[in-house]
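# Breakdown of the fold
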Amino acid sequence: MTSAEIPAPYGTGARDADGGATAAASQPRTPARIRTHHLQQAKNDGRRFAMLTAYDQYAAEIFDDAGIEVLLVGDSAANNVLGYTTTLPITVDEMIIFSRAVTNGAARALVVCDLPFGSYEISPAQAIESSVRLMKEGGVHAVKMEGGRHYADTVRALATAGIPVMAHIGFTPQSEHALGGYRVQGRGDAAQELIDDAVALADAGAFCVLMEMVPAEVAAAVDRAVRVPTIGIGAGNSTTGQVLVWQDMAGVRTGRQPRFVKQFADVRSVLAAAATAYGEEVRNGTFPGPEHSF
């Protein structure tokens, strides 16, 4: 993909024959690599960006070529790749393997990795140690950490150590047992607590705040309350960015879908048809044919 083909919000900065700015030039020049300050500039300019999960080289390459600005190596690999029923069992060692695959496949996107359950809760020092491993061994550019304002000191310690931190508030899957399952957060009196969480984490140095399963009006209030960009998943349309699990977005996963999911393709059916056709040709002897043989 050339710079001219990369979707908004990042344009090519071209000028017309008279030296005046073209329509494309009204957008910032396309960066070779998306950095945290580009996300901040998007919020400052009233633009939006997209984020998808990725767990392997080819997904990373495809989404990177499509112009997705941020790739999340999510601990959702636990239940979308490894077959666990929750995100809780996945380890730092496993996240490093997924991270390395994604960073090897992505040339332009900002790659963020989740700090998995049990890798940061003990102390800021533990969080730094885990994050350093993800950056050194996995090659990621930033980490994402679940939790509210009680983790402000941890965020501050990470930021001081030069580790960019994306905060994650609202419904936090690692705390599903404490939260009583998959439930919308921030309703009623809890709305102000969510705003306070976001402000505290941003003030501590988080470069972005992600909100999951939060009422749209509360997410909008959070976005107004913090200087940094926000990302939503089931949080309405007022955030700077949006994120989805790629298997949900592309229609790979079956079963009941969360309300906030939109399937933009039916990749499962395409793969199933291809596998069925392959199996039939192998069994009836038409594959491999002479053109596939030496």
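Residues numbered from 1 in each chain as written. Predicted model: local features only at pLDDT ≥ 70, side-chain atom pairs only at ≥ 80, totals over all residues. Heavy atoms only, no water.

### Points about the UniProt feature "active site" (unreviewed entry) in the chain
This is how the line gets drawn: UniProt positions are given in the numbering used here, feature names are shortened, and annotations may be inferred rather than shown by experiment. The numbering of helices and of strands both runs from the N terminus, where a helix is a DSSP run of H or I of at least 4 residues and a strand a run of E of at least 2. Here's how the labels work: a residue is buried when its accessible area is under 20% of the maximum for its type, exposed when over 50%, partly exposed in between, all with a 1.4 Å probe on protein chains only. Only heavy atoms matter for contacts: two residues are in contact if any of them lie within 4.5 Å across the pair. Under the rule applied, a polar contact is a pair of N or O atoms within 3.5 Å (in protein, one hydrogen donor and one hydrogen acceptor; residues adjacent in sequence only if both atoms are side-chain atoms).
Per the UniProt record, "active site" (unreviewed entry) is annotated on Glu212. Of note, Glu212 is situated in strand S6 (residues 208-212). Judged by its relative accessible area of 9%, Glu212 is buried. Residue contacts for Glu212: discarding those within four places in its chain leaves His168, Ile169, Gly170, Phe171, Pro173 and Ile233. At 3.1 Å, the side chain of Glu212 and the side chain of His168 are in polar contact.

### Side note on the sheet that holds strand S8 (residues 241-244)
Operational definition: Pairs of strands are assigned from DSSP output, requiring at least two bridges between the strands. Fitted lines through C-alpha atoms serve as axes, helices being fitted only where they are in contact, and the angles separating the N-to-C directions of these axes extend from 0 to 180 degrees.
Read around the barrel, eight strands follow the order S1-S2-S3-S4-S5-S6-S7-S8 and close on themselves; strand pairing throughout is parallel. Each strand axis lies, on average, 25° off the axis of its neighbour in the sheet, ignoring direction. Pairing between strand S1 (residues 49-53) and S8: four bridges, direction parallel. In the sheet register, Ala50 faces S8, and the bridge partner there is Gln242. Together, strand S5 (165-170) and S6 form the strand contacts of helix H8 (residues 190-204), whose direction differs from that of S5 by roughly 170°.

### Considering a nonpolar patch on the surface
For clarity, the cut-off: To count toward a patch, a residue needs a relative accessible area over 30% and no salt bridge; like charges are then connected within 9 Å, while nonpolar side chains (Val, Leu, Ile, Met, Phe, Trp, Tyr) are connected within 5 Å. Residue-level accessible areas treat just the shown protein chains as cover; the underlying method is Shrake-Rupley with a 1.4 Å probe. By definition here, a salt bridge exists when the distance from a side-chain nitrogen of Lys or Arg to a carboxyl oxygen of Asp or Glu is within 4 Å.
Nonpolar side chains collect at one region of the surface, where Val81, Leu82 and Tyr84 lie side by side and expose about 220 Å² of accessible area between them. One can find Val81 in the loop between helix H3 (77-80) and helix H4 (92-105).

### Observations concerning the UniProt feature "binding site: Mg(2+)" (unreviewed entry) in the chain
Here, UniProt's "binding site: Mg(2+)" (unreviewed entry) annotation points to Asp75, Asp114 and Glu146. In terms of the greatest pairwise C-alpha distance, the residues named above, spread along 72 residues, form a tight cluster of at most 10.9 Å across. Within the secondary structure, Asp75 is located in the loop between strand S2 (70-73) and H3. Judged by its relative accessible area of 4%, Asp75 falls in the buried class. When residues no more than four places from it in sequence are discounted, the contact partners of Asp75 are Thr87, Ile90, Met95, Asp114, Glu146 and Gln174. Positionally, Glu146 belongs in strand S4 (residues 142-146). Classification of Glu146 as buried rests on a relative accessible area of 3%. Sequence-distant contacts of Glu146, that is, excluding residues within four places in its chain, are made with Asp75, Tyr120, Tyr151, His168, Thr172, Pro173, Gln174 and Ser175.

### Side note on the environment of Phe63
For Phe63, the location among the structural elements is in helix H2 (residues 57-65). A relative accessible area of 9% places Phe63 in the buried class. Remark: the alpha-carbon pair of Phe63 and Ala178, spanning 115 residues in sequence, is separated by 34 Å. Not counting the four nearest positions on each side in its chain, Phe63 is found in contact with Leu52, Thr53, Ala54, Ile68, Leu71, Trp246 and Met249.

### A closer look at the nonpolar core
Threshold: To form a nonpolar core, buried Ala, Val, Leu, Ile, Met, Phe, Trp, Tyr and Cys residues must be joined to one another through side-chain atoms within 4.5 Å.
Core analysis: the biggest nonpolar cluster contains 61 residues, and Phe63, Leu71, Leu134, Met145, Met211 and Trp246 have the highest contact counts within it. With seven residues, the single largest contributor to this core is H8. Residues Ala42, Met51, Leu72 and Phe207 belong to the second largest nonpolar core, which totals 17 residues.

### Describing helix H11 (residues 267-284)
Spelled out, the test is: Under the convention used throughout, the expected extent of a helix is 1.5 Å for every residue step, that is, one less than its residue count.
End to end, H11 covers 26 Å across 18 residues, agreeing with the expected 26 Å (1.5 Å per residue, within 8%). Downstream of H11 by a residue or two, Gly285 has a phi angle that is positive, lying close to 85°.

### Focus on the pairing of S1
So the rule is basically this: Crossover handedness is defined by viewing with both strands directed away from the observer: a clockwise path from the first strand over the helix to the second marks the crossover as right-handed.
Taken across its five residues, S1 has four buried, putting it largely inside the fold. In this structure, S1 lies alongside S2, joined through three bridges in parallel fashion. Counted as the bridge partner of Leu52 is Leu71 from S2. Taken together, S1, H2 and S2 form a β-α-β motif whose crossover is right-handed.

### With respect to unusual backbone geometry
Each neighbour pair has its own omega, and for Phe287 with Pro288 the value is 0°, a cis peptide bond. As for its position among the elements, Pro288 is in the segment after H11. Backbone geometry places Met213, a non-glycine residue, at a positive phi of 50°. Structurally, the position occupied by Met213 is in the loop between S6 and helix H9 (216-225). When its relative accessible area of 12% is taken as the criterion, Met213 is described as buried.

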